[in-house]
Amino acid sequence: MQLVIVESPAKAKTIEKYLGSDYRVLASYGHVRDLPPKDGSVDPDDAFAMTWENYADKSKQLKAITDLAKLADRLILATDPDREGEAISWHVREVLRARKALPKEVERVTFNAITKATVTEAMKNPRELDDDLIDAYRARRALDYLVGFTLSPVLWRKLPGAKSAGRVQSVSLRLIVQREREIDVFKPQEYWSVTADMEHDGTAFTSRLTQFEGNKLDRLSIGNEGDAQRAKQAVLDGNFSVQSVETKPAGRNPPPPFTTSTLQQEASRKLGFSADHTMRIAQGLYEDGAITYMRTDGVQMDSSAISAARLAVANRFDASYVPDKPRQYQSKAKNAQEAHEAIRPTDFGKDKAGGGDHARLYDLIFKRALASQMASARMERTTVEMADGTGRNILRATGQVVLFPGYLALYEEGSDDTADEDARRLPRMREGDAPAKKKVDAEQHFTQPPPRFSEASLVKRMEELGIGRPSTYASIIKTLKDRAYVRIEKNRFFAEESGRLVTAFLERFFEKYVGYDYTAELEEELDDVSGGRAQWQSVLDAFWRDFKPRTNEVMEQQPSAITAELDTFLAPYLFPAKADGGDPRLCPNCGEGQPALRGGKFGAFIACSNYPECKYTRRFAQPGGDAEADAGPSTLGVDPETNLPVERKSGRFGPYIQIGEGEARKMASIPKDIGELDLEWALKLLSLPRTIGTHPETGEPITAAIGRYGPYLKHAGKYARLGSTADVFETGMNAAVVKLAEAAAGGGRTARGAQAPLKILGNHPRTEAEIKLMEGRYGAYVTDGTTNATLPKSIEKDQLTLEEAASLIDARAAAAPATKKKKAPAKKPAAKKAPAKDAAKAKTPAKKAPAKRPPPRKPPQRKSRSLILPCKGRGPCEAWWRGLPQTYRCVT
């Protein structure tokens, strides 16, 4: 028996179908072990020895792999064809070695697509594990661990509110924060443009003033309205005729097939997908055998795939769209590790796969790969200059004509930039022509700050700088969002105050380690390890010699000294110069103190130096602003019942109101849907919870209050949601009873066996049986009442069509007889072995049904000379074999 280990259970099922009965395929479900999250997992004093720990949730799977490995003649490690896949194979091998379950023959195979031809061919060409890739993985993992577990404690102790730092994560955060700083200091500049709408031979076009009174104009030349109006009048008064027509041929070559990073960028631009979502969808397409492996730096395609793509182009268009020679692309990456082939369809004859987001992403991958083998686009770019009678004022119009679309007939690459005016169409003009002026405009503009990063532009910038690797971009971005260092609004990254503060701390005290060049150089050194050009412990030692002393030095400083350093470092941001030349640090509350950066239990803030006399504070994320500054508690009035002041305060979770002090105090958060808070509203909020009355059926009280998730009703341990804060005080008994009844009805569960379908798709086109979409324990499935078929990952239930559902049911029904044939005789052997008299007794009612179950299987005694073999599904114990219980062998 040969045991094959892959990463994904979906992949395991598919591959097991391709291989013969002598193979068993199990999934590791990703990594099986990692460095324990505690000090000492990497020991720099012992040549960076690492202590690995098995994942607790993988114990069952590891036991299954171990049990089968003890019976296997050969172990085939077939995890993904990248560095992480190599590392997983290495981890599996080491775990089996430690458990003394490693077969004598251990081999590694890789394949770039999950198709029968690719998998079977890979099995014929096994190799040894790549020690260089494993060493590069160990070096990268050790580096990330050492940075995280050495630097993060420094942050926790010296920078309250900070959560963590990472080797690549912190550098990526710095990119976002630096862009935010550029926007903060940006000063918009006014400029004007003068354009004329014109027409010639029935075709409208737009021209732009490029020379005024003999002076050439650039974008900022006309800086005020007066000059703009003079220029506009000159265009209105002038009689313009064509002075020159310049036509140049131009061509555009198709972009190469997708790599991981370009797929993430284009999916973000065209589909609005996050990098993390893109990779999840691509993983599903890969596991379904629709595309090749999705983590790659390579842009080249297999020669057979190129031939298939060229044939598909010829079938879809005509021979003119197929270039004379196949296109070959070379990766721009300095060390294109990972899988070596680009992301492409496994079958160019299949232009659709999956549904919903899977179908949209597949369409993008298919068109990009197909376009990469299409002919170039041929265009003609035209520039027309028109001068007035004086020759001192010139209008220019530019445009292009597509002579042959080539690959543009199928696919055009997206861009983060605005549309180029060269793409406009122009009428055919000759010297001396006098186009008609229809309208002249003078428009005011202001220079814009650099745009905030989108996921696409951030990934592109990281790739340009050599920060991280394609397989890490999605996880880096997800970590930044999970740590609340950044937020996303309208698909753009905004730096949060915690992200700004952490970046400032690292730039001030660990400048080298958040440097773009240094991080890129370190990535190159890791690539040298994977290429066998460097030794991994040497790379780690060079890093650790400088990094550890620096962290010790910072750890010895007092938090107050750290805060003072940051106050000076961030002064241009926190206290920008005032337009009137006044002191930017002068306290706006007392007019005497000097606000400065302070560290608190819940993070950094700005406070006046005259505290406690002056209680002026503001949040760290308000550079120089006082709009929401907190000058201390404000009194809303006095409670008429207690004669205590009701105060409005600001806390960690926002503004709140308080009455009283010490243990007797009472507080309430201020809901966001309250317009203007006054004493009346404050007293209402402090009076909560409000008792509406007694439920007419149960006699239990009904109360209304505001909780963590908003306003609600409560009755006998059951809840109902209210729409607004006002509803808490206005909802009466009748409305409350109805809302509670509706909530109870909506929250009830259907009885077992009576689950309602998610959707009725219609009747099967061949059997006329009604097909329903159901939600099961293991996900969505379709059924016709007789056959159930699970939905593959690449088909989203919301996008499922009747034909797709029918096909899934037909495929499942076609495979069903073999399964039923195996299960049918499960109880027959026991009945046949029984003597005749026992069989007669078996028919009497006295015998209970459970007696038909076979007793727990026990391994045969050593004195037995019977050969012990796995049954491999040949007999009634197939379920035992596939389920892998503790006792799974039988005598055959």
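K.L.:
Explain the pattern of salt bridges residue by residue, including any values.
P.N.:
For the structure on display, the rule yields 45 salt bridges. When the shortest N-O distance is used, the salt bridge between Glu507 and Arg174 registers 2.9 Å. With Glu507 in helix α14 (residues 497-509) and Arg174 in helix α6 (residues 169-185), this pair connects stretches of sequence that are 333 residues apart. The residues Glu507 and Arg174 share a single accessibility class, namely buried. Note that Arg500 is salt-bridged to Asp184, the shortest N-O span being 2.8 Å. On the criterion of sequence distance, the pair formed by Arg500 in helix α14 and Asp184 in helix α6 is long-range, its members being 316 residues apart. For Arg500, a relative accessible area of 8% translates into the label buried. Counted as one network, the salt bridges with shared partners bring together Arg140, Asp144, Arg167 and Glu523.

K.L.:
So what's going on with the nonpolar core? Which residues, and what values?
P.N.:
Looking at soluble globular proteins, one finds that nonpolar side chains tend to be buried together. Ranked by size, the top nonpolar core spans 151 residues in total, and within it Leu3, Ile291, Leu361 and Phe505 carry the most contacts. In terms of residue count, the dominant contributor to this core is helix α5 (residues 131-158) (12 residues). Other than its neighbours up to four places away in sequence, Phe505 contacts Val154, Leu155, Lys158, Leu159, Phe510, Val554, Ile562 and Leu566.

K.L.:
Run through the pairing of strand β10 (residues 203-212), naming residues and quoting values.
P.N.:
In this structure, strand β9 (residues 190-200) lies alongside β10, joined through six bridges in antiparallel fashion. Bridge pairing links Met198 to Phe205 in β10. Counting the residues between successive antiparallel strands, the hairpin from β9 to β10 contains two residues, one of them, Asp201, with a positive phi of roughly 55 degrees. Note: β10 against strand β16 (residues 394-404), three bridges, orientation antiparallel.

K.L.:
An account of unusual backbone geometry is requested, with residue identities and associated values reported.
P.N.:
With an omega of 10 degrees, the peptide bond running from Tyr611 to Pro612 counts as cis. By the element assignment, Pro612 lies in the loop between β21 (603-607) and β22 (617-619). Note the cis peptide between Leu688 and Pro689, where omega equals 5 degrees. Tracing the sequence through the fold places Pro689 in the loop between α19 (679-686) and β27 (690-694). In the Ramachandran plot, Ala47 falls in the positive-phi region, its phi being about 55 degrees despite a non-glycine side chain. Tracing the backbone through its elements, the reader meets Ala47 in the loop between β4 (42-43) and β5 (49-50). Relative accessible area serves as the criterion here: at 46%, Ala47 is assigned to the partly exposed category. We note that Glu213 has phi near 55 degrees; this positive angle belongs to a residue other than glycine. Turning to its location among the elements, Glu213 is positioned in the loop between β10 and β11 (215-216). Residue Glu213 is classed as partly exposed on the basis of its relative accessible area of 34%.

Cut-offs applied
Residues numbered from 1 in each chain as written. Predicted model: local features only at pLDDT ≥ 70, side-chain atom pairs only at ≥ 80, totals over all residues. Heavy atoms only, no water. Salt bridge = Lys/Arg side-chain N within 4 Å of Asp/Glu carboxyl O. Helix = DSSP H or I, 4+ residues; strand = E, 2+ residues; numbered from the N terminus. Buried < 20%, exposed > 50% of the residue type's maximum accessible area, 1.4 Å probe, protein only. Core = buried A, V, L, I, M, F, W, Y, C linked by side-chain atoms within 4.5 Å. Contact = heavy atoms within 4.5 Å. Pairing = 2+ DSSP bridges.

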